[in-house]
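Residue strings, one per chain:
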Amino acid sequence: MASVQDQLEIKFRLTDGSDIGPKSFPAATSIATLKESVLSQWPKEKENGPRTVKDVKLISAGKILENNRTLGECRSPLCDIPGGVTTMHVVVQPPSTEKAEKKAASQPKQNKCVCVIL
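These remarks concern the structure in this document. None of these values were measured; they are calculated from a predicted model. (Residues numbered from 1 in each chain as written. Predicted model: local features only at pLDDT ≥ 70, side-chain atom pairs only at ≥ 80, totals over all residues. Heavy atoms only, no water.)

### Focus on the overall build of the protein
Scanning the protein from terminus to terminus reveals three helices and five strands. Secondary structure of the protein in N-to-C order comes out as β-β-α-β-β-α-β-α. Counting only residues that meet the buried cut, the protein has 23% of its 118 residues in that class. In the protein, the proportion of contacts linking residues at least 24 apart, taken out of those at least 6 apart, comes to 59%. Accessible surface, the protein as shown: approximately 8,900 Å² in total, 54% of it carbon and sulfur. (Helix = DSSP H or I, 4+ residues; strand = E, 2+ residues; numbered from the N terminus. Buried < 20%, exposed > 50% of the residue type's maximum accessible area, 1.4 Å probe, protein only. Contact = heavy atoms within 4.5 Å. Areas by Shrake-Rupley, 256 points an atom, 1.4 Å probe, with all protein chains shown as cover.)

### Quick notes on the nonpolar core
Core analysis: the biggest nonpolar cluster contains 17 residues, and Ile10, Phe12, Leu34, Leu58, Leu71, Met88 and Val90 have the highest contact counts within it. Breaking this core down by element, the ones donating at least two residues are strand E1 (7-13), strand E2 (19-26), helix H1 (31-41), strand E3 (56-60), helix H2 (71-74) and strand E5 (85-92). Once you skip the residues sitting within four places of it in the chain, methionine 88 turns out to touch Ile10, Lys11, Phe12, Arg13, Leu34, Leu58, Ile59, Ser60, Leu65 and Leu71. (Core = buried A, V, L, I, M, F, W, Y, C linked by side-chain atoms within 4.5 Å.)

### Things to note about the pattern of salt bridges
Working definition: two side chains of opposite charge can pair if their charged atoms are close together. Inspection of every chain in the model, using the stated rule, returns four salt bridges. The salt bridge involving aspartate 19 is made with arginine 13; its shortest N-O contact spans 2.4 Å. Here arginine 13 falls in the partly exposed class, since its relative accessible area comes to 26%. Here arginine 69 makes a salt bridge to glutamate 73, at a shortest N to O gap of 3.6 Å. Note on arginine 69: relative accessible area 32%, which makes it partly exposed. Judged by relative accessible area, glutamate 73 falls into the partly exposed class, the value being 47%. Several salt bridges converge on common partners, so that one network encompasses Lys11, Arg13 and Asp19. (Salt bridge = Lys/Arg side-chain N within 4 Å of Asp/Glu carboxyl O.)

### A word on the pairing of E2
Taken residue by residue, a regular strand's side chains alternate between the two faces of the sheet. Pairing between E1 and E2: six bridges, direction antiparallel. Its bridge partner being in E2, glutamine 7 is matched across the sheet by proline 26. In this structure, the hairpin formed by E1 and E2 is closed by a connection of five residues, where glycine 17 is found at a positive phi of approximately 95°. (Pairing = 2+ DSSP bridges.)

### Examining the layout of surface pockets
Reported here for the second largest pocket is a volume of approximately 160 Å³. Every residue lining the second largest pocket is counted, 11 residues in all, and those nearest its centre are Ser60, Lys63, Leu65, Arg69 and Cys74. Of all the elements in the fold, those that place two or more residues in the lining of the second largest pocket are strand E4 (63-64) and H2. Looking at the lining of the second largest pocket, its residues break down into four nonpolar, two polar and five charged. (1 Å grid on protein atoms, 1.4 Å probe; cavity = no way out; pocket = protein on both sides within 12 Å on 5 of 7 lines; lining within 4 Å. Points joined across faces, edges and corners; volume = space filled by probe spheres on them. Nonpolar A, V, L, I, M, F, W, Y, C, P; charged D, E, K, R; others polar.)

### A few points about the sheet that holds E4
One open sheet accounts for five strands, arranged E2-E1-E5-E3-E4; its pairing is mixed. Single-partner strands in this sheet number two, and they are E2 and E4. Where E1 lies against E5, five bridges are found, and the strand directions are parallel. Its bridge partner being in E5, isoleucine 10 is matched across the sheet by threonine 86.

Here it is as structure tokens:
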């Protein structure tokens, strides 16, 4: 059984200032699992919500957290206040339009301006 110190109280701050949580997570929880939790608790009335875990970025102590790391590995010494709640910021990255990017990359640049000196 995990001790109380191995549990972290986290709330997720959305870009509009509203919060999801706080909720308690074990220190061994992966960042990908946290993102899944945010995705499942996302308010349905909010526009432009994330569709997949890849659309969500979590930021804690100024650092973007990587999916393959655990909560314990990403914990900041500043956040180790007993009984405190850690706030993680949630950023939704809009899905990239790969077709538009490929189309723009395939078209050669055309110079519109021509100077002629006589």
